[in-house]
Amino acid sequence: MEALDTLLLSRIQFAANISFHILFPTVTIALGWVLLFFRLRFAHSGDEKWMAAYRFWVKVFALSFAMGVVSGITMSFQFGTNWPGFMETVGNIAGPLLAYEVLTAFFLEAAFVGIMLFGISRVPGWLHVTATALVAFGTTLSTFWIIVLNSWMHTPQGYEVVNGVAFATSWWEIIFNPSMPYRFAHMMLASFLTVSFLVAGVSAFRWVIGDRSREVRAVLKTGVAIAALLIPAQIFMGDMHGLNTLEHQPQKVAAMEGNWDSGPNTPLLLFALPDEELRENRFEIGIPNAASIILKHHADGVVPGLNDFLADDGTPLHPPVSPVFWSFRVMVGTGFGMLGLSWAAVFFMWRRRDRHVGRAKGRWMAVEGLPKPLLWALVPMAFSGWVATLAGWYTTEIGRQPWLVQGIMTTDMAVADVPAPMVLGTLLAYLAVYASLLIAYVGVIAYLARKAARGGDARPDSMSHSGKANVVALNAAE
Amino acid sequence: MPDFSNPANWLPWAFASLMGLSILVYVVLDGFDLGIGILFPLAEPDEQERMIGSIGPFWDANETWLVLAVGLLLVAFPTAHGIILSTLYLPVFLMLIGLILRGVAFEFRAKVRSRRKALWNRLFFVGSLVTALAQGFMLGLYIMGLVQTPATYLFAALCSVFLAVGYSFIGATWLIHKTVEGLQSKAVKWARHSLWAVIAGIGAVSLATPLVSDRIYDKWFTYPEILWLVPLPFISGVMVVALWWMLQRMPFAGDRWNWLPFATSSAIFAAAYLGLAYSFYPYVVPNRLTIYEAASAPESLMIILVGACFVVPAIIGYSILAYVVFRGKAADLRYD
């Protein structure tokens, strides 16, 4: 019982840590590219509104980056403190992949973020553009390596197990494992959608509190346009990813669908209360045959059910059903909410593009065209990307249970023998710290938005702690 | 020395060296900025801004040496990583909380409305102090062979105090270099007052290490090894005396030699660290697991090494560049 408690608490603790961590890379990955876009538009047009947008959002980038770094350090220690069995069993494969992630993240952080954040007024323009581009490229590269490792844990190949330890046989197969391309694309799109709603939501907030600057218009349009373009791509990619999961981890798809018995003509459940004791659903509401059509593209396609994944003694070899079933629905629901809102916004902005006299002529979209309720709806959606990303993350990660590395090791094989009360105590402390930091993070973004709406900073380049650094560098330049 | 004809022999050694280098660089670099965090409440608000200014462009990169060190331990010696970190569960947890609070305090204190700033300043201090204490505790317990008894805890507690004050010392010497006038005089005073911890800390570790382990005792006190080991404590002693002499008289006329205390204290840290590394080699978990037993498969290590050969020199190159670009006083320029 003691071991079980430690296992469960360690899992909750790891989930809490990684859930907190993933929020910030999700912002920085795409925000790096969006900042590059702002920076290039400024370089190309010389229009100050793009530089104002860069200066505002680079602060959010710096804050998110710092949050990501410190919570990332926590992650790298958690492997040893809570899950020593993981690296002992698959370290020969996970090691190099993690090493490349650390090396790329480290390299970028040390090398280019400094110039991006502090160098805006003191290095030549081309160098600043280059630094911004390299940071964007680097966060993407870092994402690539960590997704490679994560995907390999879901769909491992290119290894052999000798005496219980995995050894690499083909690095090509390890890196280009079957689920990697889908997972990477899904994550990149998730990051872009998170950022598009973040910039649109914060800009809508500035607009409704009376900020009519050209910067706000430009950023709001950028955010809504990215969202409207990428949401259909994400739905398509999510479907492809689902089919790939069906091929390699059918038990996960069965849990997502809440489908107990495999068979044809499976309905798509909109609502249900899966009950693992009874091994059936209560209160099912579903669309007949729809799951078969989505997964097999035939109304009578045979969809796998959870009862296919039982050991001879009846022990389930499938993930816990309710969390996977529900987090999947939260992800999809949020996604469709994002689709509806972003398309409605584009529609109104396009329809009313020429209603405004003079300078509005020829504009392809006008922020003025957005009805008030739509603007207000965008504000709470600023963090909708986080909700969808976390829900998707839970779907895929809880959906992997009881495996830690599919077919190689189960989660309980990796857990450290640490007393349960100690894990519980540290878990509660982590949760308290993370909750406070999240409140502070959202609070600071709201504060920065209000301050910008009031007329911005007295000093145009008062970015974070660079004030004093400027003095130092000016001194050095003399 | 390892056998260079066989990758299975020299790869673990190469990774242990690389990891050792990262830890040393980390201790010196994050040491001075953690130390400045610990000294923070002793300064006036405008001095605090200058203290932050003196580490602002560097602390982030300094901290990433810890990521590299732990990353190398994780990927090159996975078994050792598990044993060490699950033994040090609580101090690691405290250090992480400290690092989180401190790292975000940099960003938050510069962005929040002014009445919240005092809170983030306090968290900056608390985070720095907790991080330093936790690291000292881990160092102490590691030296005691990761054995957990009341006596080893006492030693670890002593080490944690010594390391925290030692970090303040190296932080103060950094400030002597980066500041002028009032704050510089304060920094000299802080350095003078904390030099004792460096002496006591190195002394305690040097005495305890050979006493706890017969193996380490034999490594140090056998002929002829002792002949080329003796200079290490001797040079350290000379450097400590030189520091003490300097700090009585600083700042010198025209602010000359203001970098010397920091350089000397870095050298003392490095010498003490080399002594420790010599004592524990080839063990990565003291007396239990050697780097050769704990190492990942040679093929995996080789792949990491290729990446490291590109990235580590680039990191070192950039770090040097950053220190050159941001050289000079972290203060208002009219004094220069």
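Residues numbered from 1 in each chain as written. Chains lettered and ligands numbered in written order. Predicted model: local features only at pLDDT ≥ 70, side-chain atom pairs only at ≥ 80, totals over all residues. Heavy atoms only, no water.

Q: Explain the pairing of strand β3 (residues 268-275) of chain A to me, using residue names and the numbers behind them.
A: Residues and elements named next belong to chain A. As defined by bridge partners, β3 adjoins strand β4 (residues 280-287) across six bridges and the pair is classed as antiparallel. Across the sheet, the residue bridging to L269 is G286, located in β4. In sequence, β3 turns back onto β4 through a hairpin of four residues, with R279 there showing a positive phi of about 55 degrees. (Pairing = 2+ DSSP bridges. Helix = DSSP H or I, 4+ residues; strand = E, 2+ residues; numbered from the N terminus.)

Q: Mind laying out the packing of aromatic side chains, listing which residues take part and the relevant values?
A: By the definition in use, this model includes 31 aromatic pairs over all chains. An angle of 80 degrees between the planes, with centres 5.0 Å apart, marks the rings of F106(B) and F124(B) as edge-to-face. One end of the pair, F106(B), is in helix α5 (residues 89-111); the other, F124(B), is in helix α6 (residues 114-143), with 18 residues separating them in the sequence. Accessibility assignment for this pair places F106(B) and F124(B) in one class, buried. Ring-pair connections join several aromatic residues into one group, and the members of that group are F20(A), F24(A), F383(A), W386(A), Y430(A), Y434(A), Y441(A) and F93(B). The lysine or arginine in question, R212(A), covers the ring of W207(A), its NZ or CZ lying 4.3 Å from the ring centre. In this arrangement the basic side chain of R329(A) is found over the ring face of F325(A), its NZ or CZ atom lying 3.6 Å from the centre. (Phe/Tyr/Trp six-rings, centres within 6.5 Å; stacked < 30°, edge-to-face > 60°. Buried < 20%, exposed > 50% of the residue type's maximum accessible area, 1.4 Å probe, protein only. Lys NZ or Arg CZ within 6 Å of the ring centre and 35° of its normal.)

Q: Break down a nonpolar patch on the surface for me, citing the residues and quoting the values.
A: All names here are of chain A. A surface patch of nonpolar side chains, amounting to about 590 Å² of accessible area, comprises L270, F271, F283, I285, I287 and W326. Sorting the residues of the nonpolar patch by element identifies β3 and β4 as the ones contributing at least two each. Counting residues per element, the nonpolar patch draws most heavily on β4, at three residues. Of note, L270 is situated in strand β3. (Patch = residues over 30% accessible without salt bridge, like charges linked within 9 Å, V, L, I, M, F, W, Y side chains within 5 Å. Areas by Shrake-Rupley, 256 points an atom, 1.4 Å probe, with all protein chains shown as cover. Salt bridge = Lys/Arg side-chain N within 4 Å of Asp/Glu carboxyl O.)

Q: Kindly report on the packing of helix α2 (residues 48-82) of chain A against helix α7 (residues 214-248) of chain A, identifying the contributing residues and their values.
A: All names here are of chain A. Packing of α2 against α7 leaves a shortest axis separation of 8 Å and a crossing angle of 75 degrees. In terms of orientation, α2 and α7 fall into the roughly perpendicular class. Together, K49, W50, A52, A53, F56 and W57 of α2 and R214, E215, A218, V219 and T222 of α7 make up the contact between the two elements. Among the residues making up the contact of α2 with α7, the classes are represented as seven nonpolar, one polar and three charged. (Axes fitted to C-alpha atoms, helices over the stretch in contact; angles between N-to-C directions. Parallel < 35°, antiparallel > 145°, perpendicular 65-115°, else oblique. Contact = heavy atoms within 4.5 Å. Nonpolar A, V, L, I, M, F, W, Y, C, P; charged D, E, K, R; others polar.)

Q: Give me the lowdown on the pattern of salt bridges, citing residues and values where you can.
A: Summed over all chains, the structure comprises eleven salt bridges over all chains. Note that R214(A) is salt-bridged to D47(A), the shortest N-O span being 2.7 Å. Of the two residues, R214(A) is situated in helix α7 and D47(A) in the loop between α1 (2-45) and α2; the sequence distance between them amounts to 167 residues. When the shortest N-O distance is used, the salt bridge between K117(B) and E49(B) registers 3.1 Å. Here K117(B) is found in helix α6, whereas its partner E49(B) is found in helix α2 (residues 45-55), with 68 residues between them in sequence. Judged by its relative accessible area of 23%, E49(B) falls in the partly exposed class. Connected via shared salt-bridge partners are D30(B), D33(B), E63(B) and R102(B).

Q: Break down the interface of chain B and chain A for me, with residues and values.
A: At the junction of the two partners, chain B supplies 66 residues and chain A supplies 63 residues. Between chain B and chain A, a total of about 5,800 Å² is buried, with carbon and sulfur atoms accounting for 78% of that surface. Together, Y89(B), I100(B) and K111(B) form the three largest contributors to the area buried by chain B at its contact with chain A, with a combined 13%. Run the count over chain B and chain A and you get zero salt bridges. Where chain B meets chain A, there are five residue pairs in polar contact (both at pLDDT 80 or more). Secondary structure elements with two or more residues in the side of chain B that touches chain A: α2, α3 (59-76), α4 (78-87), α5 and α14 (298-325) of chain B. (Buried area = accessible area lost by both parts, 1.4 Å probe. Polar contact = N/O pair within 3.5 Å; in protein donor to acceptor, adjacent residues only side chain to side chain.)

Q: Explain the confidence of the model for chain A residue by residue, including any values.
A: Residues and elements named next belong to chain A. Mean pLDDT over chain A: 81, with 90% of residues reaching 70 or higher. Averaged pLDDT values over the elements of chain A bottom out at 37 in helix α14 (residues 466-477) and peak at 92 in helix α6 (residues 180-208). Scored below 50 in pLDDT, residues 457-478 makes 53 contacts in the model with residues more than four places away or belonging to other chains. (pLDDT = per-residue confidence, 0-100.)

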